[in-house]
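Observations on the three-dimensional arrangement
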Amino acid sequence: MQLTVTEAATLKEKPDESKLGFGTLFTDYMFIMDYTPDKGWHSLRIEPYAPMPLDPSTMFLHYAQGAFEGLKAYRTQSGSIQLFRPQENFRRLNRSCRRLCMPELDEDLALGALKQLLTMEKDWVPGAPQTSLYIRPTIIAMDPYLGVRASHTYRFFIILSPVGAYYPEGFSPVKIQVTHEYVRAVRGGVGEAKTPGNYAASILASEKAHREGYSQVLWLDGVEQKYLEEVGSMNIFFVIDDEIVTPALNGSILPGITRDSVIRLAKHWNDNVSEKKISIDTLMQAHADGKLQEVFGSGTAAVISPVGEIKYGDQVISISGGEVGPVALKYYNAITDIQYGKTEDPLGWVVQVA
Ligand code: COI
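Reference entry: report on the structure contained in this document. Note that the coordinates shown come from a computational prediction; the quantities given were computed from them, not determined experimentally.

**Structural notes on the overall build of the protein**
Along the backbone of the protein there are 7 helices and 17 strands. Its C-alpha radius of gyration of 21 Å places the protein within 12% of the 20 Å reference for a compact globule of 354 residues. Across its three principal axes, the protein shows a C-alpha extent of roughly 60 × 50 × 35 Å. Counting all 354 residues of the protein, 53% fall into the buried class.

Rendered as structure tokens:
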């Protein structure tokens, strides 16, 4: 399919790579295409990054019919640019589209468009340690209409943001809080789709957690409020009695690609790993028995993020003495070494761009 490119009149200054945070700076260009029932996805274009005029009645603004992805481009030591399992992101985006009644994308076409955008923007991929170019593919419902139904028209766009660590703590352990007051997702809902409503639903509890000095909320299931699910911006892993355990996918947990990468690497190395239903009581008991060795989160933005403290009701437990544990460190190193091309790619995950 034809793709048109509109050149920017001026280019932005590149940021200081030693000061990158998360998600505040954007590159010079973005990719856009539109969907109408008669033409399907069409009008593929790369344009200067700019505000997008939206009719105030645009359905996405009212009913959040939309989905997004998060992946990263990495600069290797030789200066080349590579992606990590990008096909999995477009596959998941299509699963989100099916759940949100939106038209699917041609995954190869979307990846091809992303590669073309990245080739133009390759100078924006930072090279400092722990930095990368965060990629946000997004689909939104575009009909100007206030009735509740599936939109007929959609827009897909990809924006790029040079980033450092997601948490200000960097790779230092974060503190998380379990909530009984709110739930993020329920059985049969949209919890496993990467859709804006899940994040909106999480904000009040996150704000309360922040006020108490915690970085994030550790969500319990929405039915019994008993089983551990995820953290909202990352999946969660526990090391209990030398076994790496993560909550089994159940329809309300986001199927994270970094989560899947940890599991696959663990199996590749014959580490003891399992996906199972795990209750907060089991976790607290494991801690009381001295068997809870480590807790860490996984996510594209968060990479592998050690957890040093969990608050549950009145109980506050310290994990690995608030230090980074050996399992979190091993998986952090393994995954980032593959992403940055510092090691061989045993499971064929890397896709070269430029
Ligand atoms: C990601 O890890 O890419 C996410 O989407 C999490 C968050 C920044 C929304």
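Still more ground to cover, so stick around.
**So, the side chain of T246**
Mapped onto the fold, T246 is located in strand β12 (residues 243-247). Residues in contact with T246, not counting those within four places in the same chain, are I236, F237, R259, I263, S274, E275 and K276.

**Observations regarding the pattern of salt bridges**
All told, the structure shown has 16 salt bridges when counted by the stated rule. Here D16 and K19 are joined by a salt bridge, their closest N and O atoms 3.1 Å apart. A salt bridge links D34 to R45, with the nearest nitrogen and oxygen atoms 2.9 Å apart. Of this pair, D34 sits in strand β2 (residues 29-36) while R45 sits in strand β3 (residues 40-48); the two residues are 11 residues apart in sequence, bridging distant segments of the chain.

**Some points on the packing of helix α2 (residues 86-99) against helix α3 (residues 107-120)**
The angle between the axes and the distance between the axes are what describe a pair of packed helices. Contact geometry of α2 with α3 gives a least axis separation of 10 Å together with a crossing angle of 130°. When the axes of α2 and α3 are compared, the pair comes out oblique. When the axes of α2 and α3 are compared, the crossing they make is right-handed. Contacts between α2 and α3 involve P86, Q87, F90, R91 and N94 from the first element and E107, A110, L111 and L114 from the second. Broken down by class, the residue content of the contact of α2 with α3 amounts to 5 nonpolar, 2 polar and 2 charged.

**Digging into the site of the ligand**
Neighbouring the ligand are the residues F68, G70, Y134, R136, Y166, K194, Y199, S233, T300 and A301. K194 has a polar side-chain atom sitting 2.8 Å from an oxygen atom of the ligand. A301 is positioned such that a nitrogen or oxygen atom in its backbone is 2.8 Å from an oxygen atom of the ligand. About the coverage of the ligand: the protein hides 90% of its 280 Å² of free accessible area. Taken together, the residues of the shell around the ligand break down into 5 nonpolar, 3 polar and 2 charged.

**Comments concerning helix α7 (residues 326-339)**
A rise of 1.5 Å per residue sets the reference length of α7, with its 14 residues, at 20 Å; its end C-alpha atoms lie 20 Å apart and thus fit the reference within 8%. All of the buried residues in α7 are V327, A328, Y331, Y332, A334, I335, T336, I338 and Q339. G341 occupies a position one or two residues after α7 and carries a positive phi of about 65°.

**Thoughts on the pairing of β12**
Of all 5 residues in β12, 5 are buried; the element is thus mostly enclosed. The alternating pattern of β12 places E243, V245 and P247 on one face and I244 and T246 on the opposite face, and all of these are buried. Pairing of strand β11 (residues 235-240) with β12, which is carried by 3 bridges, proceeds in the antiparallel orientation. The residue of β12 that forms the bridge with V239 is I244. Connecting β11 to the antiparallel partner β12 that follows it, the hairpin turn spans 2 residues, and D241 within it adopts a positive phi of roughly 55°.

**Re the nonpolar core**
By size, the foremost hydrophobic cluster in this structure holds 41 residues, and its most contacted members are F31, L83, L114, L118, I135, I139 and F156. Elements supplying a minimum of two residues to this core: β2, β3, β5 (71-75), β6 (81-84), α2, α3, β7 (132-141) and β8 (154-163). Once residues lying within four places of it in the same chain are set aside, the contact partners of L83 are L71, K72, A73, L111, L114, L118, I135, W349, V350, V351 and V353. I240, A302, Y312 and I317 belong to the second largest nonpolar core, which has 26 residues in total.

**Side note on the pairing of β6**
Where burial is concerned, the two faces of β6 agree: the one with I81 and L83 and the one with Q82 and F84 are both buried. Across 3 bridges, β5 lies against β6 in antiparallel orientation. Considered in β6, the bridge of R75 is made with I81. From the end of β5 to the start of β6, which pair antiparallel, there are 5 residues, and G79 there has a positive phi angle of about 95°.

**Section: the environment of P129**
Relative to the helices and strands, P129 resides in the loop between α3 and β7. Classification of P129 as exposed rests on a relative accessible area of 75%. When the C-alpha atoms of P129 and D337 are compared, they prove to be 11 Å apart, with 208 residues separating the residues in sequence.

**Notes on the packing of aromatic side chains**
This model, assessed by the stated rule, comprises 13 aromatic pairs. The interplanar angle of 75° and the centroid separation of 5.0 Å between the aromatic rings of Y74 and Y340 together place this pair among those described as edge-to-face. Of the two residues, Y74 is situated in strand β5 and Y340 in the loop between α7 and β17 (350-352); the sequence distance between them amounts to 266 residues. For Y340, a relative accessible area of 13% corresponds to the buried category. In this structure an aromatic cluster arises from ring pairing among F31, Y35, W41, Y154 and F156. Across the ring face of Y340, the terminal group of K342 is positioned such that the distance to the ring centre comes to 6.0 Å.

About the criteria used
- Residues numbered from 1 in each chain as written.
- Predicted model: local features only at pLDDT ≥ 70, side-chain atom pairs only at ≥ 80, totals over all residues.
- Heavy atoms only, no water.
- Helix = DSSP H or I, 4+ residues; strand = E, 2+ residues; numbered from the N terminus.
- Rg over C-alpha atoms; globule rule 2.2 N^0.38 Å.
- Buried < 20%, exposed > 50% of the residue type's maximum accessible area, 1.4 Å probe, protein only.
- Contact = heavy atoms within 4.5 Å.
- Salt bridge = Lys/Arg side-chain N within 4 Å of Asp/Glu carboxyl O.
- Axes fitted to C-alpha atoms, helices over the stretch in contact; angles between N-to-C directions.
- Parallel < 35°, antiparallel > 145°, perpendicular 65-115°, else oblique.
- Left-handed = near helix turned anticlockwise from the far one by under 90°.
- Nonpolar A, V, L, I, M, F, W, Y, C, P; charged D, E, K, R; others polar.
- Near = heavy atom within 4 Å.
- Polar contact = N/O pair within 3.5 Å; in protein donor to acceptor, adjacent residues only side chain to side chain.
- Areas by Shrake-Rupley, 256 points an atom, 1.4 Å probe, with all protein chains shown as cover.
- Expected span 1.5 Å × (residues − 1).
- Pairing = 2+ DSSP bridges.
- Core = buried A, V, L, I, M, F, W, Y, C linked by side-chain atoms within 4.5 Å.
- Phe/Tyr/Trp six-rings, centres within 6.5 Å; stacked < 30°, edge-to-face > 60°.
- Lys NZ or Arg CZ within 6 Å of the ring centre and 35° of its normal.

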